[in-house]
Amino acid sequence: MRFKKLRTTLIIILSVIFAVSAFHIIKITHDYKTADKTNTEIREQFVQMIEPTTESTAENEKIQMPICIDFDALKQENNDIIGWIYCPDTPINYPVVKGKDNNQYLRADLKGKYLVSGTIFADYRNNEVGEDKNYIVYGHNMKNSTMFGTLVKYKDQTYYDSHPILYFLTPERNYIIELIAGAVVKRDSDIYQTAPADNTIADIMIKSTFNSTVEIGKGENIITLSTCSYEFNNARYVVIGKLKKI
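In what follows, the accompanying structure is described. No experiment lies behind these values; they were computed from the predicted model shown. (Residues numbered from 1 in each chain as written. Predicted model: local features only at pLDDT ≥ 70, side-chain atom pairs only at ≥ 80, totals over all residues. Heavy atoms only, no water.)

**Considering empty space enclosed by the protein**
Going by this rule: Method remark: on a 1 Å grid restricted to protein atoms, a set of points is classed as a cavity if a 1.4 Å probe fits but cannot get out and as a pocket if it is open with protein on both sides within 12 Å along at least five of seven lines; lining residues have an atom within 4 Å of a point. Grid points are joined across faces, edges and corners, and a volume is the space filled by probe spheres set on the points. Segments assigned H or I by DSSP are reported as helices when at least four residues long, segments assigned E as strands when at least two residues long, and all are numbered from the N terminus. Amino acids outside the nonpolar list (Ala, Val, Leu, Ile, Met, Phe, Trp, Tyr, Cys, Pro) and the charged list (Asp, Glu, Lys, Arg) are all regarded as polar, and Gly is one of them.
Tallying each qualifying case throughout the model produces 1 cavity of 30 Å³ or more. The space that makes up the largest cavity amounts to roughly 50 Å³. Around the largest cavity sit Asn39, Ile42, Tyr94, Pro95, Asp109, Leu110, Leu115, Gly118, Thr119, Ile120 and Met147, which together line it. Counting residues per element, the ones that place at least two in the lining of the largest cavity are helix H1 (2-46) and strand E6 (93-97). A per-class count over the lining of the largest cavity returns 7 nonpolar, 3 polar and 1 charged.

**Looking at the nonpolar core**
Spelled out, the test is: Grouping buried Ala, Val, Leu, Ile, Met, Phe, Trp, Tyr and Cys residues that are joined through side-chain atoms within 4.5 Å yields what is termed a nonpolar core. Between buried and exposed lies partly exposed: a residue is buried under 20% and exposed over 50% of the maximum accessible area for its type, with that area taken using a 1.4 Å probe on protein chains only. Contacts: residue pairs with any heavy atoms within 4.5 Å of one another.
Ile85, Tyr154, Leu166 and Phe168 are the most contacted members of the largest nonpolar core, which totals 33 residues. Ignoring sequence-local partners within four residues, the contact set of Tyr154 consists of Cys87, Tyr159, Tyr160, His163, Leu166, Leu179, Thr209, Phe210, Tyr237 and Val239. Counting 32 residues, the second-largest nonpolar core is a separate cluster that includes Ile69, Val97, Tyr105 and Ala183.

**Topic: the pattern of salt bridges**
What counts is decided by this rule: Here a salt bridge means any side-chain nitrogen of Lys or Arg lying within 4 Å of a carboxyl oxygen belonging to Asp or Glu.
Across all of its chains, the model carries 8 salt bridges by this definition. Between Lys242 and Glu178 there is a salt bridge, with its nearest N and O atoms 3.9 Å apart. Placement of the pair is Lys242 in strand E12 (residues 235-245) and Glu178 in strand E10 (residues 174-186), with a sequence separation of 64 residues. As far as burial versus exposure is concerned, Lys242 and Glu178 are alike and both buried. Lys207 is the salt-bridge partner of Asp203, the closest N and O atoms lying 3.4 Å from each other. Pair noted here: Asp203 and Lys207 are both in helix H4 (residues 198-207), with a separation of 4 residues, about one helical turn. Each of Glu178, Glu220, Lys242 and Lys244 takes part in salt bridges that share partners, so that together they form one network.

Structure, rendered in structure tokens:
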């Protein structure tokens, strides 16, 4: 009799564990589908793909951006939008916002509704793009490689070789991001300052998971793209690049 009671209790406990696990799996799947649907709708509404071309003139070389963003319409959705980040042949193709703090869009979409993937956001301490020595942008490391989930692939040299640049578009001007280095850092690293010390940038270049020939000249600004990593507690993976005006 006692054995039967123990067996019944064990079955009940295992059934509860299974039900809870199944609920979480269903919820996570639903949240991911919702996030993908939301971001796809945004791209369909506000992004126009353009075949990239390079036009050479006697004075300079003009580079055409591969996408065009309807910022007038986009900012009507949310005035916190400050730009758009794009990396060809990857999922990175998202609006960038800047909120009142670094928590506002952590798990929220452009309308402030809960979204598991949140929204790509710039550090609230940043000034206008191009004004700070270091412009910091955050995104979640999603398991389905959306948002900034592909940043960690820069731990592999071959991935960098295939994706050495990103594009950052703003209502005022556009930029190419020429990637310089990528490294695992602590959450409180000095790279999360808008004016990090030169030795901080140099240290990341030394520890970089990929080799790049891009150099930072005196007075040139960088952008830091950050996502979670899991080498240790509160680890982050950052990719830094040079902001080059188009």
